[in-house]
Amino acid sequence: MKIILIFLFLLSMISNVVGQSMEKPFIEVRGMAKIERTVKTYIIDIVITEDSSDSEEKRSLDQLKKTFLDKAKAAGFDTGRFKENKLSYALVQYGSYGTNGTTYSVETASSEEIMALNQLIDNKSGSVSIIARRVTYLPVKDFSRIIAAALTNGKERAEKVAALMGEKLGILQTVIDYSVTNEEVEDTDHYRPDEDKYYILSLKYLIE
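Residues numbered from 1 in each chain as written. Predicted model: local features only at pLDDT ≥ 70, side-chain atom pairs only at ≥ 80, totals over all residues. Heavy atoms only, no water.

Attention now moves to the packing of aromatic side chains. Under the counting rule described, the total for this entry stands at four aromatic pairs. A ring pair is formed by Phe 77 and Phe 82, whose centres lie 5.8 Å apart and whose planes are at 75°; its orientation type is edge-to-face. Across the pair, exposure class does not vary: Phe 77 and Phe 82 are buried alike. For the ring pair Phe 143 and Tyr 199, a centre distance of 5.3 Å and an interplane angle of 85° mean the geometry is edge-to-face. A residue pair is termed long-range when its members are at least 10 positions apart, and Phe 143 in helix α5 (residues 143-164) and Tyr 199 in strand β8 (residues 197-207) qualify at 56 residues. Across the pair, exposure class does not vary: Phe 143 and Tyr 199 are buried alike. Members of the aromatic cluster, connected to one another through ring pairs, are Phe 68, Phe 77, Phe 82 and Tyr 104. The positively charged end of Lys 204 is found above the aromatic ring belonging to Phe 26, 4.0 Å away from the centroid. (Phe/Tyr/Trp six-rings, centres within 6.5 Å; stacked < 30°, edge-to-face > 60°. Buried < 20%, exposed > 50% of the residue type's maximum accessible area, 1.4 Å probe, protein only. Helix = DSSP H or I, 4+ residues; strand = E, 2+ residues; numbered from the N terminus. Lys NZ or Arg CZ within 6 Å of the ring centre and 35° of its normal.)

Have a look at this one:
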């Protein structure tokens, strides 16, 4: 029995070596194309937290909300645009402090309004603060063009590698799409400054 097992093991090793030696050489590269997304709107998420101190000047949540909305109105905002979400407050970390509070979200396509919203924040007491800045992007049109650009980029890289090896690039054997999001639909994500996004493919070419 032991001899049989040794024989089967040696046969398996020989098969692997033969299989590897028969595999045609290949070049595998990444093809990349930059994704240009158009901003539809910006969303600012604001939290208002009731003062937890026992001072006589302590303001109630209703007072804080009124003060904030009055300031927004004075800055030229329609206060009906501020969407209140108490559940959101309960789900974020502020709710764990045991203080009463709420959150507001406001959406705008104006960079001037973004600047004005930052001026509404109460930096002295900390009762009003921005907890998130989000961006809604429009769907990418003609995504096939981006795929084609990534394929072209990958092929050009593979041709350069083959040339440096003194070889000629063969046929494309496999393509792997590394996408994790669907750029062809409207999407909202946290704002990230100056961060380029790329569509990436893995391309495997045989060498002739």
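Okay, back to it.
On to the sheet that holds strand β3 (residues 83-84), then. With antiparallel pairing, five strands are arranged side by side in an open sheet as β3-β4-β2-β5-β7. The open sheet terminates on both sides in strands that have one partner only, identified here as β3 and β7 (187-190). Bridge count for β3 against strand β4 (residues 101-108) is two bridges, and the pairing is antiparallel. By the bridge assignment, Lys 83 is partnered in β4 with Ser 105. (Pairing = 2+ DSSP bridges.)

So, on to the side chain of Glu 50. Mapped onto the elements, Glu 50 comes out in the loop between β2 (39-49) and α2 (61-74). Polar side-chain contacts of Glu 50 include one of 3.0 Å to the backbone nitrogen of Leu 61. What Glu 50 contacts, discounting residues up to four positions off in sequence, is Lys 58, Arg 59, Ser 60, Leu 61, Leu 64, Thr 99 and Asn 100. (Polar contact = N/O pair within 3.5 Å; in protein donor to acceptor, adjacent residues only side chain to side chain. Contact = heavy atoms within 4.5 Å.)

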